[in-house]
Amino acid sequence: MRTAGLVLLAPAAWLALAASPAAAAPGEVQTVCASTLTPSGWVDVSWGNSISCGSTTAPNIKQIKQLTGLPVGTTVNACASTYQPAGWVQVSTYYSSSCRYSVVPSLEPNAWTLKRVS
C-alpha cells in the first residue's frame, strides 16, 4: 500500500518540480530540480534531495523564492548559490545547513540576509 501511494505521488511531485516560475506571486516559493537555473528576480532559499530529480547522493532539488514585487525594506534569508537581484543588498552572511548545495560539507558562510533597498 505504501509503495502504491509513492508510485501515485511520483508523477504529481514531478509536475510540481517541473512547473515554471514565470507567473509566480511576490514571495512565492517553488521547488525545482537543481539543474534548473534560478530565474532573474528569484533566489535559492534551501537545498535538498528528492528521487524525483534523479540520484540523491548530492543535493538535487532547491526551493526558490520570487523577490520581484516585494516591498522596499523587506528582508529575506537566501542561499549564496545565486546572486541577489538588483535592488537587494546583503546585510549579513552566515552558515545555514539548509543551503548546502554540494556533496562536500563546509562550515563556511553559504547564506545571506538580503534587504530590498529600491
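Just so it is clear, the structure is predicted and the values come from calculations on it, not from any experiment. (Residues numbered from 1 in each chain as written. Predicted model: local features only at pLDDT ≥ 70, side-chain atom pairs only at ≥ 80, totals over all residues. Heavy atoms only, no water.)

Colleague: Tell me about the side chain of Gln30, and name the residues and values.
Modeller: Tracing the sequence through the fold places Gln30 in strand S1 (residues 29–33). At 3.0 Å, the side chain of Gln30 and the side chain of Glu28 are in polar contact. (Helix = DSSP H or I, 4+ residues; strand = E, 2+ residues; numbered from the N terminus. Polar contact = N/O pair within 3.5 Å; in protein donor to acceptor, adjacent residues only side chain to side chain.)

Colleague: I'd love a proper account of the sheet that holds strand S2 (residues 42–48), names of residues and values included.
Modeller: Each strand in a sheet pairs with another by means of backbone hydrogen bonds, the pair being arranged parallel or else antiparallel. Here we have three strands laid out as an open sheet, ordered S1-S3-S2, and antiparallel in their pairing. Each edge of the open sheet carries a strand with a single partner, namely S1 and S2. Each strand axis lies, on average, 30° off the axis of its neighbour in the sheet, ignoring direction. In this structure, S2 lies alongside strand S3 (residues 61–66), joined through six bridges in antiparallel fashion. By the bridge assignment for S3, Ser46 is matched with Gln63. (Pairing = 2+ DSSP bridges. Axes fitted to C-alpha atoms, helices over the stretch in contact; angles between N-to-C directions.)

Colleague: Go over the state of the cysteines with me, naming the residues and quoting the values.
Modeller: The final tally for this structure, using the stated rule, is two disulfides. Here Cys33 engages in a disulfide with Cys53; their sulfurs sit 2.0 Å apart. Looking down the S-S bond of the Cys33 and Cys53 bridge, the torsion is -80°, so its handedness is left-handed. Of this pair, Cys33 sits in strand S1 while Cys53 sits in the loop between S2 and S3, and the two are 20 residues apart along the sequence. When its relative accessible area of 19% is taken as the criterion, Cys53 is described as buried. Across the disulfide from Cys79 sits Cys99; the S-S distance is 2.1 Å. Of note, the bridge from Cys79 to Cys99 carries an S-S torsion of about -80° and is left-handed in sense. You can see Cys79 sitting in strand S4 (residues 75–79) and its partner Cys99 sitting in the loop between strand S5 (88–94) and strand S6 (111–116), a full 20 residues away along the chain. (Disulfide = S-S within 2.5 Å. Buried < 20%, exposed > 50% of the residue type's maximum accessible area, 1.4 Å probe, protein only.)

Colleague: Can you break down the nonpolar core residue by residue, with the values?
Modeller: Core analysis: the biggest nonpolar cluster contains nine residues, these being Val43, Val45, Leu67, Leu70, Val76, Ala78, Trp88, Trp112 and Leu114. Of all elements in the fold, only S2, S4 and S6 reach the threshold of two or more residues within this core. In contact with Trp88, not counting residues within four places along its chain, are Leu67, Leu70, Thr74, Val76, Leu114, Lys115 and Arg116. (Core = buried A, V, L, I, M, F, W, Y, C linked by side-chain atoms within 4.5 Å. Contact = heavy atoms within 4.5 Å.)

Colleague: Could you give an account of a nonpolar patch on the surface, with specific residues and numbers?
Modeller: A contiguous nonpolar patch, built from Val89, Val91 and Val117 and spanning about 220 Å² of accessible area, is present on the exposed surface. Judged by its relative accessible area of 34%, Val89 is partly exposed. (Patch = residues over 30% accessible without salt bridge, like charges linked within 9 Å, V, L, I, M, F, W, Y side chains within 5 Å. Areas by Shrake-Rupley, 256 points an atom, 1.4 Å probe, with all protein chains shown as cover. Salt bridge = Lys/Arg side-chain N within 4 Å of Asp/Glu carboxyl O.)

Colleague: Before we move on, could you go through the side chain of Lys62 and cite the residues and values that matter?
Modeller: Mapped onto the secondary structure, Lys62 falls in strand S3. Reaching out from Lys62, the side chain makes a polar contact with the backbone oxygen of Thr36 at a distance of 2.8 Å. Excluding its chain neighbours within four sequence positions, the residues that come into contact with Lys62 are Gln30, Thr31, Val32, Cys33, Ala34, Thr36, Leu37, Thr38, Asp44, Ser46 and Trp47.

Colleague: I'd like a rundown of the sheet that holds S5, residues and numbers included.
Modeller: Spatially, the three strands line up as an open sheet ordered S4-S6-S5, and their pairing is antiparallel. The strands lining the two open edges of the sheet, one partner per strand, are S4 and S5. Within this sheet the neighbouring strands show an average axis-to-axis angle of 30°, counted without direction. As defined by bridge partners, S5 adjoins S6 across six bridges and the pair is classed as antiparallel. Looking at S6, one finds that Val89 is bridged to Lys115.

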